[in-house]
Amino acid sequence: MSSTLAKIAEIEAEMARTQKNKATAHHLGLLKARLAKLRRELITPKGGGGGGPGEGFDVAKTGDARIGFVGFPSVGKSTLLSNLAGVYSEVAAYEFTTLTTVPGVIRYKGAKIQLLDLPGIIEGAKDGKGRGRQVIAVARTCNLILIVLDVLKPLGHKKIIENELEGFGIRLNSKPPNIGFKKKDKGGINLTATCPQSELDAETVKSILAEYKIHNADVTLRSDATADDLIDVVEGNRVYIPCIYVLNKIDQISIEELDIIYKVPHCVPISAHHRWNFDDLLEKIWDYLKLVRIYTKPKGQLPDYTSPVVLPFSRTTVEDFCMKIHKNLIKEFKYALVWGLSVKHNPQKVGKDHTLEDEDVIQIMKVPKLHLY
């Protein structure tokens, strides 16, 4: 482990020494690829043994979405968690009996949202120390990450946390790079760019791929890509997670400063202690999670508006809805009646491929069962 860390430090030092220009772009690309490979070794260690079992940071996924809280000690992370969970949770005590690491589940707009404190990410977790690695595994499954910062010293902390998360292959508030990548058996490296490239040329692409022992592949650059983008695509284990920066302790600054903070993208100023601006934070969380609520309507009854079925925005077809309720439902599915924004007529008869929108009402019609006597 320590040798890997030494190698990483060495490469980072060399990158810091190297001037950035056209002539060195090629060399820097190579170094970045090597760095990415070493970092991957840290997160997923080779072979069994080593390190012993961690202190169980496995958290069962409950609810419709999971939010991870990251922050330095003493920025008010735990106050925020307990106050959020205290104000908005309506969860029976039995939900917490088996899991020690779940600080809370809140109900917001009918959705159950799990709040997780991700401890120790900052204190060298990227370097593969004991518990850190399991925390990262959990962090990668979050639907949203909240970085809690102290409003009096936000920028230094922000940079450190972002670097740590980037090192685990978590990309914040960004989309996967628009690069096509396909390995082949023969034919060398075939590079096509559909727009002008400021950083990558055939030479750099070849050397980065050679670092991964890939000598035959089709690479299509559909946007102005960087060496990092290409490495992300080749590594293929990156997760893209939206992120909100929560600036705590706003009771210690002036109104003018607060106005400036409000203009920063992805930022929400709050005071965890005084519970100021929580509604704004929850509204932003809701926007970033992009959840879709579907209400069910039993035949001949009014829709049940109290407990919606909540789907992630990427999977909102009628079939996804059926799978969420029970996997056998799709076998008996005949058609569905839908009321709401996704249809022209209310109700409208739709098949299983129909895409639902937020707050639609649905009634599933099943194939009648044949009784054989």
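Bear in mind that the values here come from a model prediction, so they are computed numbers and not experimental data.

Further remarks concern the overall build of the protein. In terms of regular secondary structure, the protein is built from 10 helices and 16 strands. Across the 373 residues in the protein, those meeting the buried criterion constitute 42%. Here the analysis covers contacts within the protein between residues at least 6 apart in sequence; of these, 67% occur between residues at least 24 apart. Total accessible area on the protein is roughly 20,000 Å²; 54% of this is exposed by carbon and sulfur atoms.

As a further point, take the sheet that holds strand β8 (residues 217-221). Spatially, 3 strands are ordered β6-β8-β7 in an open sheet, and the strand pairing comes out mixed. Lying at the two open borders of the sheet, with one neighbouring strand each, are β6 (179-183) and β7 (189-193). Neighbouring strand axes in the sheet, compared pairwise and without regard to direction, differ in orientation by 10 degrees on average. Note that β6 and β8 share 5 bridges and pair antiparallel. Bridge pairing links Phe 181 to Val 219 in β8. Seen against the sheet, helix α6 (residues 202-211) touches β6, β7 and β8 and runs at an angle of roughly 135 degrees to β7. Against the sheet, helix α7 (residues 227-235) engages β6 and β8, with an angle of about 45 degrees to β6.

This next bit is on unusual backbone geometry. In this chain, Asn 346 is followed by Pro 347 through a cis amide linkage whose omega measures -10 degrees. Examined against the element boundaries, Pro 347 turns out to sit in the loop between β14 (333-339) and β15 (348-350). A positive phi angle, near 65 degrees, is found at Glu 359, a position not held by glycine. Considering the arrangement of structural elements, one finds Glu 359 in the loop between β15 and β16 (360-366). For Glu 359, a relative accessible area of 41% puts it in the partly exposed group.

With that settled, the discussion passes to the packing of aromatic side chains. Aromatic rings considered in pairs are described by the distance between their centres and by the relative angle of their planes. Following the criterion strictly, the structure yields 2 aromatic pairs and no others. Relative to Trp 286, the ring of Tyr 108 has its centre 6.1 Å away and its plane inclined at 75 degrees; by these criteria the two rings are edge-to-face. One end of the pair, Tyr 108, is in strand β2 (residues 104-108); the other, Trp 286, is in helix α9 (residues 278-289), with 178 residues separating them in the sequence. On the basis of relative accessibility, which here comes to 7%, the residue Trp 286 falls in the buried class. Their ring planes at 75 degrees and their centres at 4.9 Å tell us that Tyr 295 and Tyr 305 sit as a pair that is edge-to-face. Of this pair, Tyr 295 sits in strand β12 (residues 291-296) while Tyr 305 sits in strand β13 (residues 304-312); the two residues are 10 residues apart in sequence, bridging distant segments of the chain.

Scoring rules and cut-offs
- Residues numbered from 1 in each chain as written.
- Predicted model: local features only at pLDDT ≥ 70, side-chain atom pairs only at ≥ 80, totals over all residues.
- Heavy atoms only, no water.
- Helix = DSSP H or I, 4+ residues; strand = E, 2+ residues; numbered from the N terminus.
- Buried < 20%, exposed > 50% of the residue type's maximum accessible area, 1.4 Å probe, protein only.
- Contact = heavy atoms within 4.5 Å.
- Areas by Shrake-Rupley, 256 points an atom, 1.4 Å probe, with all protein chains shown as cover.
- Pairing = 2+ DSSP bridges.
- Axes fitted to C-alpha atoms, helices over the stretch in contact; angles between N-to-C directions.
- Phe/Tyr/Trp six-rings, centres within 6.5 Å; stacked < 30°, edge-to-face > 60°.

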